[in-house]
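# A closer look at the structure
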Amino acid sequence: MSAHRSRFSARWLAAGGAAVLAGILGVAMLLHDSGAACAAPPGTTQKSGKATFYDLAGTSGNCSFEVPADDLYVALGPSEYSAGASCGAYLDVTGPKGKVRVKVFDSCPECPAGHIDLSRTAFKKIGNEIDGIIPIKYKLVTNPSTPAGISVRIKEGASQYWFAARIDNHANLLSSVKVASGGGSFKSAHRTDFNYWLIDAGAGSGPFKIKITDVYGNTATVTGIKMSPGAVQKTSTRITGGSTTVASAEKATTPTAKATTSAAAKSAKSPSPSTSASTAAPLLESTTAAPGAEPATATQPLVDLAAQPVAVGC
């Protein structure tokens, strides 16, 4: 995925941003040298930081989602974007004027930990647009409500020999996605930084069963997913609340015009990064059914929902 933000503004550099830029480059080099091994999504413990805002210039951000109907979304820096692990989760962000809930939608390559970039709509709910940058507190939301059930979008170019799917409306951070074609056994998919789950050798021609597990151990399996690249296939299934469910896909919608998984060009307001560190905890291992087996009809969350999930451990 290519970077999708404008270069730093001359106004910001003139205002002393050069020193901050040097610090950002240092952080970038550290992440590069360490392989971003300590990258982790935001946790459920509230953090302090700063927020800017931007206008999306394109059809999607790095998470490959369509723009939320309420226009409330956020871009995270590399450490908290965590190579796509944060995509689809929700943050509660509190600013000078109140609180707003935003969906993790995009990455902000120049944002260090503690600096988040909100949609203009979200920013205006908690701060004055004229300020450009505001102090905020934010935290990950556990079991947030979603505007619809789980949906699946098979990527353009997918076939029986190469599987790629985007999962939306899963609410919590995801730990695993497994796919079975027809009556076959489940195969594990791996997540990309643009938020598609891939099986490089393919998963067959479908229809597919897709088993989704979040970091709290909640699972849901959707069935009847067709090999229909570019179409958003909607279901009524929701994964939160600790229950394991199986549901079939509803009629797929047509692809969003010119929707792509490439990074969208964005223009950020003057950044004033915070260097606050993110708090990390070990990844919670998911428990899944044996290959080919259907999930149980019900279960309870496997861990304390107040625990702080992390997708990439240090």
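Residue numbers restart at each chain and count upward from 1, following the sequence in its written direction. Residue-level local features of this predicted model are given only where pLDDT is at least 70; pairs of side-chain atoms are given and counted only at 80 or more, and the full residue set underlies all totals for whole chains, interfaces and linings. Calculated side-chain values reflect all of the structure's heavy atoms, with hydrogen atoms and water omitted.

### Comments concerning the state of the cysteines
Keep this limit in mind: The disulfide criterion used throughout: a pair of cysteine sulfur atoms within 2.5 Å. Relative accessibility thresholds used throughout: buried, under 20% of the residue-type maximum; exposed, over 50%; partly exposed, between the two (1.4 Å probe, protein chains only).
Taken as a whole and assessed by the stated rule, the structure comprises two disulfides. Here Cys108 engages in a disulfide with Cys111; their sulfurs sit 2.0 Å apart. On the sign convention where negative is left-handed, the bridge of Cys108 and Cys111, at about 60° about the S-S bond, is right-handed. Across the pair, exposure class does not vary: Cys108 and Cys111 are buried alike. Bonded cysteines in the protein chain are paired 1-2, 3-4 when counted in the order they occur along the chain.

### With respect to the packing of aromatic side chains
The test is simple: Pairing of aromatic rings covers Phe, Tyr and Trp, the last through its six-membered ring, and needs centres within 6.5 Å; plane angles under 30 degrees mean stacked, over 60 mean edge-to-face, and all others mean tilted. Secondary structure counts use DSSP, requiring at least four H or I residues in a row for a helix and at least two E residues in a row for a strand, with both numbered from the N terminus.
On inspection of all chains with the given rule, the structure shows five aromatic pairs. On the numbers, 5.9 Å between centres and 70° between planes, the contact of Tyr54 with Tyr73 is edge-to-face. Separated by 19 residues along the polypeptide, Tyr54 in strand β1 (residues 47-57) and Tyr73 in strand β2 (residues 73-76) bring together distant segments of the chain. Per residue, the accessibility class of Tyr54 equals that of Tyr73, and both read buried. For Tyr73, a relative accessible area of 4% puts it in the buried group.

### Let's talk about the layout of surface pockets
Note the cut-off: As defined here, a cavity is a set of points on a 1 Å grid over the protein atoms alone where a 1.4 Å probe fits but cannot get out. A pocket is an open set with protein on both sides within 12 Å along at least five of seven lines, and residues line them when an atom is within 4 Å of a point. Grid points are joined across faces, edges and corners, and a volume is the space filled by probe spheres set on the points. Throughout this entry, Asp, Glu, Lys and Arg are counted as charged residues, while Ala, Val, Leu, Ile, Met, Phe, Trp, Tyr, Cys and Pro are counted as nonpolar. The remaining residues, Gly among them, count as polar.
One number sums up the size of the second largest pocket: a volume of about 480 Å³. Counting residues per element, the ones that place at least two in the lining of the second largest pocket are β4 (98-107), β8 (163-168) and β15 (232-234). The residue inventory of the lining of the second largest pocket, partitioned by class, reads eight nonpolar, four polar and seven charged.

### Side note on the confidence of the model for the protein chain
Put simply, the rule is: Confidence scores per residue from the predictor, reported as pLDDT, run from 0 to 100. By the convention used here, residues are in contact when the closest approach between their heavy atoms is within 4.5 Å.
Mean pLDDT for the protein chain: 76, with 65% of residues reaching 70 or above. Counting contacts from residues 1-37, a segment whose pLDDT is below 50, to residues more than four positions away or on other chains yields 55 contacts. Here residues 254-314 scores under 50 on pLDDT; set against residues more than four positions off or in separate chains, the count is 168 contacts.

### As for the side chain of Asn169
Our working definition: Whenever a nitrogen or oxygen atom comes within 3.5 Å of another N or O atom, the pair is scored as a polar contact, on the condition that within protein one atom can donate a hydrogen and the other can accept it, and that pairs from neighbouring residues in sequence are kept only if both atoms are in side chains.
With respect to the helices, strands and loops of the structure, Asn169 is situated in the loop between β8 and β9 (174-181). Looking at Asn169, its side chain comes within polar contact range of the main-chain oxygen of Gly149, at 3.1 Å. With sequence-adjacent residues up to four places away left out, Asn169 is seen in contact with Lys103, Thr146, Pro147, Ala148, Gly149, Ile150 and Ser151.

### Comments concerning the pattern of salt bridges
Convention followed: Should a side-chain nitrogen of Lys or Arg be within 4 Å of a carboxyl oxygen of Asp or Glu, the pair is scored as a salt bridge.
Per the stated rule, a full pass over the model turns up eight salt bridges. The salt bridge partner of Asp55 is Arg120, with a shortest N-O separation of 2.5 Å. In this pair, Asp55 is assigned in strand β1 and Arg120 in helix α3 (residues 120-126), connecting sequence segments 65 residues apart. Asp55 sits in the partly exposed class, given a relative accessible area of 36%. For Arg120, a relative accessible area of 26% gives the class partly exposed. One salt bridge connects Arg101 with Asp92, and the closest N-O pair in it is separated by 2.7 Å. When its relative accessible area of 35% is taken as the criterion, Arg101 is described as partly exposed.

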